[in-house]
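Examination of the molecular architecture
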Amino acid sequence: MIYADIIIDISSEKLDKTFQYRVPEELEQEIKVGMVVSIPFGNGNKIRKGYVIGLTDKPKVDPDRIKAISQCSSGQETTESRLIILAAWMRENYGSTMIQALKTVLPIQEKIRAKEKRYLCLNVSEEEGRKILEGLEKTRFKARTRLMRELLDKKRLEYTLAAKELGATSAVVGKMKEQGVLRIEYDEIFRNSIDGKDIPREPALTLNREQEQAAEKILQEWERPEPRPVLLQGVTGSGKTQVYMRLIEEILAKGQQAVVLIPEIALTYQTVRRFYARFGEKVSVINSRQSQGERYDQFKRARGGGVQVMVGPRSALFTPFPDLGLIIIDEEHEPSYKSESSPRYHARETAIARAGIEHARVVLGSATPSLEAYSRAQSGEYGLVKLTARYGDRPMPQVSVIDLREELRGGNRSVLSRSLQEKMKERLEKKEQIMLFLNRRGYAGFVSCRSCGFVVKCPHCDVSLSEHNNGRLLCHYCGYETRKPQVCPQCGSPYIGGFKAGTQQIEKVVRDTFPGVRTLRMDFDTTRNKGSYEQILAAFAAHEADVLVGTQMIVKGHDFPDVTLVGVIAADLSLNAEDYRCGERTFQLLCQAVGRCGRGMKAGEAVIQTYHPEHYSIQASAAQDYQTFYEEEMSYRMLLDYPPASHMLAILGSGENEEVLTQAMHYLELYIHRIYREKDLHVIGPAYAAIGKVKDIYRQVIYLKHKEYKTLVRIKDQMEKYIEINSGFRKIYIQFDFS
């Protein structure tokens, strides 16, 4: 006898448990994990939809009490079934409830009313209609007469126009429908976020020799019995998107579909225009700024074959395509591909898992690949294809590194160095455009000396200490704490403190320095409303501004041919973040920023302002030298057992009672040592999270490091059971985050 573990309803967290059902003998050969089934549920045995998440031959209760499955899903629901299998994989690998995983991969569950257009249609023969019209013309029913005359003429009328122009009220229509004279037909209208009217169609671009070779290498990889994910590493401006389009053409020719992931909504505007110009109405977009109705419609179109290419951020990965052939992850290094809510999945690993289930292909693209992706390419786990030159043989930008310590010594206290001001003046006189990039909104929590560049760091973890309100400096990895110094411990300067520079301040400085300059600002504050990204980017593309000031969202993937100068205001804002990845993040951001200029026919130039001009990530980004950076950064990761040299699991605890949380996290630490006694596991913490308290909720974290990912998964599984059976954790929320 086979029994199925079934989850009933993903709309309620209260039903986050499985119910066991007996599999009828006639369904034993058919049933499998991921299937949608109909089952009797509750005292009234109401038939409900459920999801099979496990099969076993062992009943949990008396077999006589176990109800039988009514029927299995039909073939048309196999797409949903595969997504359910993916949800089970995510639940296992990222530590979440099955409900949370299902809500992630099946995001549109609530009943959303389809948008429809109604039509009034003649429901009798024309001969019979003529007789009815003759009869109506002898009566006082003028509206019915007008409507009948129009129906005989056109056979099908739009309801709203008939009501407006002919006076066909609901009473008039209702009476004629009741008499069988007319019928109402409905056409579903899909809410579409793309207005393609102003996007001219473009033929396929001719790939240059290097791009063609790259595409051929990827296609050759796809011919292998078990094709690997392929990392396409191409310098900024090398035309990776054109290679993507070539690959998508291959997939569409086979009748399959493709998902193109982009890291942020800010990239949607230009990316979607490029894909729509090439593939037309086969392309759609999904993102979090859309209404639920728009998202519902795009997923329904994808399921029904109305869309073949879906472009969007992380959530587009779960587009319910019936025959998914390709997943492209552009700018795969971006941190926004990592979910911040449970399940805390990474789009890269999840895409590879979905591709395995769907027999699809995966292509990762970046000028500055994540260390995880590049190390796997080096080991042969991924294929590696490179584009080494810009499209059209355009030169890479010239890069200047400005030491802000020298600026201060020279008496310049402006956020704009003298060199950057001079170059901006030249560009403005030539009517060329400029982008100024601040790589973090607001101010950073680290403490540094403006005279010598010294940063106060943790002596145990080699990350910067974070400044808190009461003058404390705290390490969010191990809990080390010290007082904020009043003078620099290295040079004795009183100019020590947190770096405070926001985009508004920079915009004001630009306007004061260059009277009459036209500026646009793009940050969290200016992009809160729907459509704000598109409006700002379209305005800048149309030369309605000379200078675009912004945070990270302005340096990722945008292509403005008249931008010839990029200024990085303060590279140290990311270089000194309280994160072991800060060197990698800085290198990637600076390379992306530098890559925004000189993409047209005019040469580009970039200025990087920093207090640490000698730092290897600054030097490597100025030289656009990924290999040198990778080798230096990997040696640091190997020394301290940080990913990808090892795997790391963060156990995040939160709760309203600080004392209860502290005790709970302490018990978790003791339990970890009890279940795993080998010395190859590094346990760090408990310590307070980067932000130790949010909305009166306290937050702490324990870090585990181990060479084997599966070992951390096993520890996570045992901890989940421990937390479930111990009532002391009822008021504590625990999340698991793998990296």
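Below is a short write-up of the structure. Since we're looking at a predicted model, the values are computed, not measured.

About the criteria used
The residue numbering used here restarts from 1 in each chain and proceeds along that chain's sequence as written. At least 70 in pLDDT is required for a residue's local features to be given in this predicted model, at least 80 for side-chain atom pairs to be given and counted, and no such filter applies to totals for whole chains, interfaces and linings, which use all residues. Computation of side-chain values: all heavy atoms of the structure, hydrogens and water removed. The helix and strand labels rest on DSSP assignments: H or I over at least four residues marks a helix, E over at least two residues marks a strand, and numbering proceeds from the N terminus. As defined in this context, the radius of gyration uses C-alpha atoms, and a globule is described by 2.2 Å times the residue total to the power 0.38. Here the term buried applies to any residue with accessible area under 20% of the maximum for its type, exposed to any over 50%, and partly exposed to those in between, with areas from a 1.4 Å probe on protein chains only. Under the convention used here, a 1.4 Å probe and the Shrake-Rupley method define accessible areas, while residue burial counts only the protein chains that appear. Positive charges are assigned to Lys and Arg, negative charges to Asp and Glu, while His and the chain termini are left out of the count. We put the charge of a Lys on NZ, of an Arg on CZ, of an Asp on CG and of a Glu on CD. Between the N-to-C directions of two axes lies an angle of 0 to 180 degrees, each axis being a line fitted to C-alpha atoms and, for a helix, fitted only over the stretch in contact. Convention used here: angles under 35 degrees read as roughly parallel, angles over 145 as roughly antiparallel, angles from 65 to 115 as roughly perpendicular, and any remaining angle as oblique. The sense of a crossing depends on the near helix, which, turned anticlockwise from the far helix by less than a right angle, makes the crossing left-handed and, turned clockwise, makes it right-handed. Should any heavy atoms of two residues lie within 4.5 Å, those residues are counted as being in contact. Residue classes follow a fixed rule: Ala, Val, Leu, Ile, Met, Phe, Trp, Tyr, Cys and Pro count as nonpolar, while Asp, Glu, Lys and Arg count as charged, and any other residue, Gly among them, counts as polar. The criterion for strand pairing is that DSSP finds at least two bridges linking the strands in question. The salt bridge criterion pairs a side-chain nitrogen of Lys or Arg with a carboxyl oxygen of Asp or Glu, the two atoms within 4 Å. The definition of a polar contact used here is a pair of N or O atoms within 3.5 Å, where within protein one atom must be able to donate a hydrogen and the other to accept one, and adjacent residues in sequence count solely through side-chain atom pairs. Residue count minus one, scaled by 1.5 Å, sets the expected span of a helix.

Here's the deal with the overall build of the chain
When helices and strands are tallied, the chain shows 22 helices and 30 strands. Against the globule reference of 27 Å for 739 residues, the chain gives a C-alpha radius of gyration of 30 Å, in line with a compact fold. Taking the principal axes of its C-alpha atoms as reference, the chain extends roughly 100 × 75 × 55 Å. The 739 residues of the chain split such that 55% are buried. A total accessible area of about 33900 Å² is found for the chain, and carbon and sulfur atoms account for 47% of it. Here the chain carries 107 positive and 97 negative side-chain charges, and the mean point of each set is 4 Å from the other.

Some remarks on the packing of helix 7 (residues 209–222) against helix 8 (residues 240–253)
As a packed pair, helix 7 and helix 8 sit with axes 9 Å apart at the nearest point and diverge in direction by 40 degrees. Judged by the inter-axis angle, helix 7 sits oblique to helix 8. For the pair helix 7 and helix 8, the sense of crossing is right-handed. Only Gln242, Val243, Arg246, Leu247, Glu250 and Ile251 of helix 8 make contact with helix 7, whose side of the interface consists of Gln211, Glu212, Ala215, Glu216, Ile218, Leu219 and Trp222.

Section: the packing of helix 4 (residues 142–154) against helix 6 (residues 170–178)
One can describe the packing of helix 4 onto helix 6 by two numbers: an axis separation of 10 Å at closest approach and a directional angle of 65 degrees. Every pair of crossing elements has a handedness; the one defined by helix 4 and helix 6 is right-handed. Here Ala143, Arg144, Leu147 and Met148 of helix 4 come into contact with helix 6, specifically with Val172, Val173, Lys175 and Met176. Residue composition of the contact of helix 4 with helix 6, grouped by class: six nonpolar, no polar and two charged.

Observations regarding the pairing of strand 24 (residues 547–550)
In strand 24, alternate side chains face the same way, and those of Val547 and Val549 on one face and Leu548 and Gly550 on the other are all buried. Bridge count between strand 23 (residues 519–522) and strand 24: four bridges; the pairing is parallel. When the bridges of strand 24 are listed, Leu520 appears paired with Leu548.

Here we look at unusual backbone geometry
Of note, the bond from Ser342 into Pro343 is cis; its omega dihedral lies within 30 degrees of zero at 0 degrees. With respect to the element layout, Pro343 can be found in the loop between strand 13 (324–330) and helix 11 (347–358). The linkage connecting Pro643 with the following residue, Pro644, adopts the cis geometry, with an omega of 5 degrees. Among the secondary structure elements, Pro644 is positioned in the loop between helix 20 (626–640) and strand 27 (647–655). In this model, His359 sits at a positive phi of 60 degrees, which is unusual for a non-glycine residue.

Here's the deal with the side chain of Arg301
Assignment of secondary structure puts Arg301 in helix 10 (residues 292–304). Among buried charged residues, Arg301 stands out as having no salt bridge; its nearest opposite-charge side chain is Glu281, 5.9 Å away. Side chain to side chain, Arg301 and Gln298 meet in a polar contact 3.0 Å long.

Quick look at the environment of Leu219
Here Leu219 shows up in helix 7. Residues Leu219 and Leu151, 68 residues apart in the sequence, show an inter-C-alpha distance of 56 Å. Sequence-distant contacts of Leu219, defined by excluding residues within four places in its chain, comprise Arg246, Leu247 and Glu250.

Some details on helix 4
Across its 13 residues, helix 4 extends 18 Å between first and last C-alpha, which sits within 8% of the 18 Å expected from 1.5 Å per residue. Inspection of helix 4 places Ala143, Arg144, Thr145, Leu147, Met148, Leu151 and Leu152 among the buried residues, and these make up the whole buried set. Positive phi shows up at Lys155, right after helix 4, with a value of about 70 degrees.

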